[in-house]
Amino acid sequence: MGYWADVDLKKVPEIKVVPPGPQSENYHNRANRYMKGYSSQVQLFPVVFEKGHGCTLTDVDGNTYIDFSSGIYVTSLGHCHPKVSEAVAKHAKTLMNCHDFTTPVKTKLLEKLASVTPGDLNGIQLYDSGTTAVEAGLRAMRAATGRFEFISFHRDFHGKTMGAVSLARVDRTQGMRAPGFFLVPRGYCYRCAFNMKYPECKHYCVDYIETVIKEETSGQLAGIVLEPIQGWAGSIIPPDGWIQKIRKLCDKYKMLLMADEVLTCMGRTGKMFAMENWDTVPDVMTLGKSFGNGFPVTAMILSEKYKDSLEKISASTSYGGNPMACAAALASIEVIEEENLLGHSADLGNYILGLLEKIKAVHPIVGDVRGKGCLLGIELVKDRKTKEPFEEAGKLVYKKAFAKGLAWMPAGHNLRLSPPIIMSKEMAAKGIGIIEEAIGETEKELCFK
Ligand SMILES: Cc1ncc(COP(=O)(O)O)c(C=O)c1O
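Residues numbered from 1 in each chain as written. Predicted model: local features only at pLDDT ≥ 70, side-chain atom pairs only at ≥ 80, totals over all residues. Heavy atoms only, no water.

Asks: Mind showing me how you'd approach the environment of Tyr-204 here?
Replies: By secondary structure assignment, the location of Tyr-204 is in helix α8 (residues 204–215). Between the alpha carbons of Tyr-204 and Trp-242 there is a distance of 9.5 Å; along the sequence they are 38 residues apart. Not counting chain neighbours up to four residues away, the residues in contact with Tyr-204 comprise Phe-194 and Met-196. (Helix = DSSP H or I, 4+ residues; strand = E, 2+ residues; numbered from the N terminus. Contact = heavy atoms within 4.5 Å.)

Asks: I would appreciate a short explanation of the sheet that holds strand β12 (residues 375–380) in the present structure.
Replies: Pairing between sheet strands relies on hydrogen bonds along the backbone, with the strands arranged either parallel or antiparallel. The strand order across the open sheet built from four strands is β11-β12-β15-β14, with neighbouring strands paired in antiparallel fashion. The open sheet has two edge strands with one neighbour each: β11 (366–372) and β14 (409–411). Shown here is a sheet whose adjacent strand axes are inclined to one another by a mean of 20 degrees, direction ignored. Sheet analysis places β14 next to strand β15 (residues 414–417), joined by three bridges and oriented antiparallel. (Pairing = 2+ DSSP bridges. Axes fitted to C-alpha atoms, helices over the stretch in contact; angles between N-to-C directions.)

Asks: Could you clarify how one ought to interpret the domain arrangement of the chain in this entry?
Replies: How big an interface is tends to be reported as the loss of accessible area on association of its parts. Looking at the assigned domains, one finds that the chain contains domain 1 (3–76 + 341–446) and domain 2 (82–338). Domain 1 and domain 2 are separated by 26 Å when their C-alpha centres are compared. Carbon and sulfur atoms make up 56% of the surface buried where domain 1 meets domain 2, a total of about 2,500 Å² over both sides. Area buried by domain 1 at its contact with domain 2 is led by Leu-342, Lys-372 and Leu-375, which between them contribute 27% of it. (Domains from an automatic or database assignment. Buried area = accessible area lost by both parts, 1.4 Å probe.)

Asks: Honestly, the sheet that holds strand β13 (residues 406–407) in this entry has me stumped. Any pointers?
Replies: As summarised here, the arrangement of the four strands in space is β1-β2-β3-β13, forming an open sheet in which the pairing is mixed. Since the sheet does not close on itself, it has two edges, and those belong to β1 (49–53) and β13, each with one partner. For β1 and strand β2 (residues 56–59), the ladder comprises four bridges, and the chain directions are antiparallel. Counted as the bridge partner of His-53 is Thr-56 from β2.

Asks: Would you mind going over the environment of Tyr-65 with me for this structure?
Replies: Relative to the helices and strands, Tyr-65 is located in strand β3 (residues 64–67). Residue class for Tyr-65 comes out buried when judged on its relative accessible area of 0%. (Buried < 20%, exposed > 50% of the residue type's maximum accessible area, 1.4 Å probe, protein only.)

Asks: Please clarify how the site of the ligand should be interpreted in this entry.
Replies: For the ligand, the full set of nearby residues is Ser-129, Gly-130, Thr-131, Phe-157, His-158, Gly-159, Glu-227, Asp-260, Val-262, Leu-263 and Lys-289. The separation between an oxygen atom of the ligand and a polar main-chain atom of Thr-131 is 3.0 Å. Lys-289 is positioned such that a nitrogen or oxygen atom in its side chain is 3.0 Å from an oxygen atom of the ligand. Protein contact buries 80% of the 390 Å² of open area that the ligand shows by itself. Along the lines of polarity and charge, the residues of the shell around the ligand split into three nonpolar, five polar and three charged. (Near = heavy atom within 4 Å. Polar contact = N/O pair within 3.5 Å; in protein donor to acceptor, adjacent residues only side chain to side chain. Areas by Shrake-Rupley, 256 points an atom, 1.4 Å probe, with all protein chains shown as cover. Nonpolar A, V, L, I, M, F, W, Y, C, P; charged D, E, K, R; others polar.)

Asks: Could you clarify how one ought to interpret the nonpolar core in this entry?
Replies: The tendency in soluble globular proteins is for nonpolar side chains to be buried side by side. If you look at the biggest cluster of nonpolar residues, it comprises 78 residues, and the most contacted ones within it are Leu-287, Phe-291, Trp-408 and Leu-417. In terms of residue count, the dominant contributor to this core is helix α11 (residues 323–338) (eleven residues). By size, the runner-up hydrophobic cluster in this structure holds 27 residues, among which are Ile-151, Trp-242, Ala-259 and Met-409. (Core = buried A, V, L, I, M, F, W, Y, C linked by side-chain atoms within 4.5 Å.)

Asks: Which parts of the structure should I look at to understand the packing of helix α5 (residues 104–116) against α11?
Replies: Packed helix pairs are characterised by how far apart their axes lie and by the angle those axes make with each other. It is at 9 Å that the axes of α5 and α11 come closest, and there the two elements cross at 40 degrees. In terms of their interaxial angle, α5 and α11 are classed as oblique. Both α5 and α11 take part in a crossing whose hand is left-handed. Between α5, through Val-105, Lys-106, Lys-108, Leu-109, Lys-112, Leu-113 and Val-116, and α11, the contact on the second element is made entirely by Pro-323, Cys-326, Ala-327, Ala-329, Leu-330, Ile-333, Glu-334 and Glu-337. Of the residues assigned to the contact of α5 with α11, the class counts are ten nonpolar, no polar and five charged. (Parallel < 35°, antiparallel > 145°, perpendicular 65-115°, else oblique. Left-handed = near helix turned anticlockwise from the far one by under 90°.)

Asks: Which parts of the structure should I look at to understand the side chain of His-203?
Replies: Along the polypeptide, His-203 turns up in the loop between β6 (181–184) and α8. Given a relative accessible area of 14%, His-203 falls into the buried group. A polar atom in the side chain of His-203 sits 3.3 Å from the backbone nitrogen of Trp-242.

Asks: What is the right way to look at the packing of aromatic side chains in this model?
Replies: By convention here, two paired aromatic rings are described through the distance between centres and the angle between planes. Scanning the model with the defined rule gives eleven aromatic pairs in all. Pairing Phe-194 with Tyr-208 gives two aromatic rings, centres 5.1 Å apart and planes at 55 degrees, and the pair type is tilted. On the criterion of sequence distance, the pair formed by Phe-194 in the loop between β6 and α8 and Tyr-208 in helix α8 is long-range, its members being 14 residues apart. Judged by its relative accessible area of 23%, Phe-194 is partly exposed. (Phe/Tyr/Trp six-rings, centres within 6.5 Å; stacked < 30°, edge-to-face > 60°.)

Spelled out as C-alpha cells, the structure:
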C-alpha cells in the first residue's frame, strides 16, 4: 500500500472559492511588489499554496488541487513523503552543516547512489542546485579531456548560471553565449529541423553534428551535453537510436557525453535514470529536482575512468552534501526501492499516455501527445497539417484546467505533465478528465466561434 492510498478521491480536487481566490490575491500582490521574474506557470495563474500532501496541493483559500507538476518535477514521491520529511527533520535537529566533512549519512548516501547508477558512474560530488551540478559537470569534462569546447542542443535547458546559460538559447537579456559553446538541432521528429522523416532519415540530425564539429569548432571539444528528454521545451522525447548514435559520435571524437538528468532522474521516466531507456551510459551525469524530493540536493557523477579529474575540481560548497540534504536523497532512493516506484512510474505513464491518445483522437487542436514514464506532454496546434503552434490555446487550457483543480505546467503551445510517480491511476484519470474538459472548452471558445 503506497503513500497515495490515504487520499479520498471524492474530495479531490475541491474548489471552494474561484481561484486565484482573495487570500491568494492578497499574498501574491504583496509579494509581487518586491519579487519579479515569475515563471509563466505563476504569471498565468498566481495562486498561493499553503500545504502539500501526497499528490495534492492546497491553496490559502482552501482549494485543493490534483498535482500534475510535482512542484517543477521535484516532488516525485509526493509532497512531504513521511520518510523523507522525517529524515530531514532528524538531521535538522542534530547537525545541519559541517562544510564538506564526511558524515555517516553522507557515506551511506554515496554508497547507495553508487549502487544504483549505471555502468561505472561512481565519482560523485554533491551540490545544492541543478545548475551548480551542471557547472561542475562542465568543469569535470574540461579537466578530464584538457579541452574546452561543448556542443549542446536547441531548446535544451540546463540552468541559469553563465555556463549553463551558454549551453542553451540565449536572448537579449542574457547577452552573448560564452566562447566555445555550439548549439545543434535535436532529434525532435514532430518538428524536424531538416524536414526529414524518421526512421528513413537515419538520424541525419546526429550526422549533421559532424559538420558542426568540422566547420565551427576548433577541434577542442570536451564533449556533448544533452537532456535525455527535454523538459522545459515540452517533454520532447528523442527517437529510438538517437541517444545511442550520439554516444558513438562522442566515442569517435574521444569526447565525453554528459547526460543532464536533473529533471529526468529518480524514476521520473520509469527508469531510475532516463538514459537507461536507451541502454546508454554517459560519462557524466547530473541529478537534481526529485533527487531529494524537494530538499535542495543535487549531484554531479563522473565515470570511474575519469575519477582522478574530480581531484582537480574542488567539490566543496557551503551547502552541497549537508546532512539534511544527504538524508533527503538517501530516504528518497530508499522510498523508490521500497515502494517499487520505477515499475509504477512506467505503468502509470503508459496508462496516462493511452488516455492522452484518446483525447488526441477527438480534439483537432491536439497535434501531438507523448510521454515516457510520468514525464508527459501535449502539443497544441492551430492546424494539424501546418502544425502552427497554438500558444493562445496553450495558455487558456492551462488556466481553465487549473481553475478546475489541476496544478500543472504550461510551456507556450506545449503543456507539460509531471505527476508524482506515486499517483494512483484513478487520480491520474481524474486529472486527465479535467484536461480534456479544458481542451474541449478552449476549442469551442477559440476555434468554433
Ligand atoms: C535539465 C535541467 N538541468 C538543470 C536545471 C537547473 O536546475 P535548478 O533550477 O535546480 O538550478 C533544470 C531546471 O529546470 C533542468 O530542467
